[in-house]
Amino acid sequence: MSANQEVRRHFASDNYAGICPEAWAALQEANQGHAVSYGEDVWTARAADLIREVFEMECEVFFVFNGTAANSLSLASLGQSYHSILCHEIAHVETDECGAPEFFSNGMKVLQLPGPNGKIAPAGIERMVKKRSDIHYPKPRAVSVTQATEVGTVYAIEELKAIWAKTKQLGLSLHMDGARFANAVAFLGVKPKEITWQAGVDVLCFGGTKNGGAAGDAVVFFDRDLAHEFDYRCKQAGQLASKMRFLAAPWVGLLKDGVWLRHAAHANAMAQLLHDELAQIPEARILFPRQANSVFADLPPYVIVALRQAGWLFYTFIGEGGCRLMCAWDTQEQDVRRFVADLKRLLVEAPKDVPIAAANHRKLH
Ligand SMILES: Cc1ncc(COP(=O)(O)O)c(C=O)c1O
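I will try to describe carefully the structure that is included in this document. (Residues numbered from 1 in each chain as written. Predicted model: local features only at pLDDT ≥ 70, side-chain atom pairs only at ≥ 80, totals over all residues. Heavy atoms only, no water.)

1. Quick word on the overall build of the protein chain
Helix and strand counts for the protein chain come out as 13 helices and ten strands. Radius of gyration (C-alpha) of the protein chain: 21 Å, near the 21 Å computed for a compact globule of 365 residues. For the protein chain, the spread of C-alpha atoms along the three principal axes comes to 60 × 60 × 35 Å. Across the 365 residues in the protein chain, those meeting the buried criterion constitute 55%. Of the roughly 16,200 Å² that the protein chain leaves accessible, carbon and sulfur atoms contribute 52%. With 37 positive and 41 negative side-chain charges, the protein chain shows a spacing of 2 Å between the two charge centroids. (Helix = DSSP H or I, 4+ residues; strand = E, 2+ residues; numbered from the N terminus. Rg over C-alpha atoms; globule rule 2.2 N^0.38 Å. Buried < 20%, exposed > 50% of the residue type's maximum accessible area, 1.4 Å probe, protein only. Areas by Shrake-Rupley, 256 points an atom, 1.4 Å probe, with all protein chains shown as cover. Lys, Arg positive; Asp, Glu negative; His and termini not counted. Charge placed at Lys NZ, Arg CZ, Asp CG, Glu CD.)

Structure below.
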């Protein structure tokens, strides 16, 4: 971005947002004097204890730099190089991690399952596992679900429990990519334990970055045996922060007094407002139920081009296509109204004779 470009809140990703005041204050507080390095500091201990409080269980907690590392290292810890991981065909671990799960597991194969609304279901898991049982097939070892999903939907407790029953029957571990776990909890109004260890989740990648953190997601092992030597795995992968207090402190700011859920509920509410506004525009076709903090909509290609020319940044290649409009902890009502006003104006005013391909490029602008 050039220096004189206007700064505005976009709908491209919740990781466009800055650090929330509570995480920032904790970071500042942590920035005093010296602290023991490599996670042996008080901030890391406090953040891990707060996570144990949130989940009401003695889980093992590790902080890594981002969600890709959290997912790929935790998945790697579930099996051997000849195993496979089952996930939805648009799961981040399959489509957006550049092969990191395969790389960090020395070759585990990711097997893709179809399913409506970005979700997998027990029947699909069983079909994929039973497709082959011979030595030439990578042995299924784990299932990964994304909560909230890549298309902003949320697995209900019953859906997770049904998946758990199937994984138990088939001898598979259950991994949860919770980059937007906070948004899922805020939407469902449940206790975090109800959609994790009480629904059979063995390991959760708990996202803080999109919730108002700085950097640093948490890997939370509910099955503590699976955490065996995970610290070595992190170190080898370059994911053991020497100044760990700065990954951990924002978590303390987020987890104290329910800040994480307030921010997530706010982002969800902004997505609902955006959804309600778009639902009134005949040219906008909403693609998925609005549950977490995003709205996916098909818009005419000429208007996608025009919105981008008007300075709006958003993705069109995530999930099954369409425009992904993502709200963050700091999205304001006026941002939603301004976007919708521009959309309505451009539907009328923008030139309609643009090549369709111009609306579909991977880049944002
Ligand atoms: C579903 C999901 N999982 C994981 C991640 C984490 O990715 P990153 O490595 O960019 O932190 C993201 C980020 O976009 C995501 O959307």
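Now that the structure is up, let's keep going.
2. Some thoughts on the layout of surface pockets
If you add up the space inside the largest pocket, you get close to 540 Å³. What lines the largest pocket is a set of 31 residues, among which S13, N15, H92, R180 and K210 lie closest to the centre. Top element by residues in the lining of the largest pocket is helix α3 (residues 67–76). It accounts for three residues. Grouping the amino acids of the lining of the largest pocket by side-chain chemistry returns nine nonpolar, 13 polar and nine charged. Reported here for the second largest pocket is a volume of approximately 410 Å³. As for the second largest pocket, its lining consists of 19 residues, of which G39, T44, V61, F62 and D231 are closest to the centre. Sorting the residues of the lining of the second largest pocket by element identifies α2 (42–55), β1 (60–64) and α9 (230–236) as the ones contributing at least two each. Class assignment for the residues of the lining of the second largest pocket results in eleven nonpolar, three polar and five charged. (1 Å grid on protein atoms, 1.4 Å probe; cavity = no way out; pocket = protein on both sides within 12 Å on 5 of 7 lines; lining within 4 Å. Points joined across faces, edges and corners; volume = space filled by probe spheres on them. Nonpolar A, V, L, I, M, F, W, Y, C, P; charged D, E, K, R; others polar.)

3. Brief notes about empty space enclosed by the protein
Scanning all chains against the criterion turns up two cavities of 30 Å³ or more. Roughly 40 Å³ of internal volume is contained in the largest cavity. Around the largest cavity, the lining residues are D14, N183, K210, N211, H263, A264, A267, N293, C327, A328 and W329. Broken down by element, the lining of the largest cavity gets its largest block of residues, three residues, from helix α11 (residues 259–279). Its residues placed into classes, the lining of the largest cavity shows five nonpolar, four polar and two charged. Estimated volume of the second largest cavity: approximately 30 Å³. As for the second largest cavity, its lining consists of H88, G118, I120, S144, V145, T146, E150 and Y155. If one sorts the elements of the lining of the second largest cavity by residue count, strand β4 (residues 139–146) sits on top with three residues.

4. Examining the side chain of Q291
Topologically, Q291 is positioned in the loop between β8 (285–286) and β9 (294–298). Not counting chain neighbours up to four residues away, the residues in contact with Q291 comprise G152, T153, V154, F187 and N268. (Contact = heavy atoms within 4.5 Å.)

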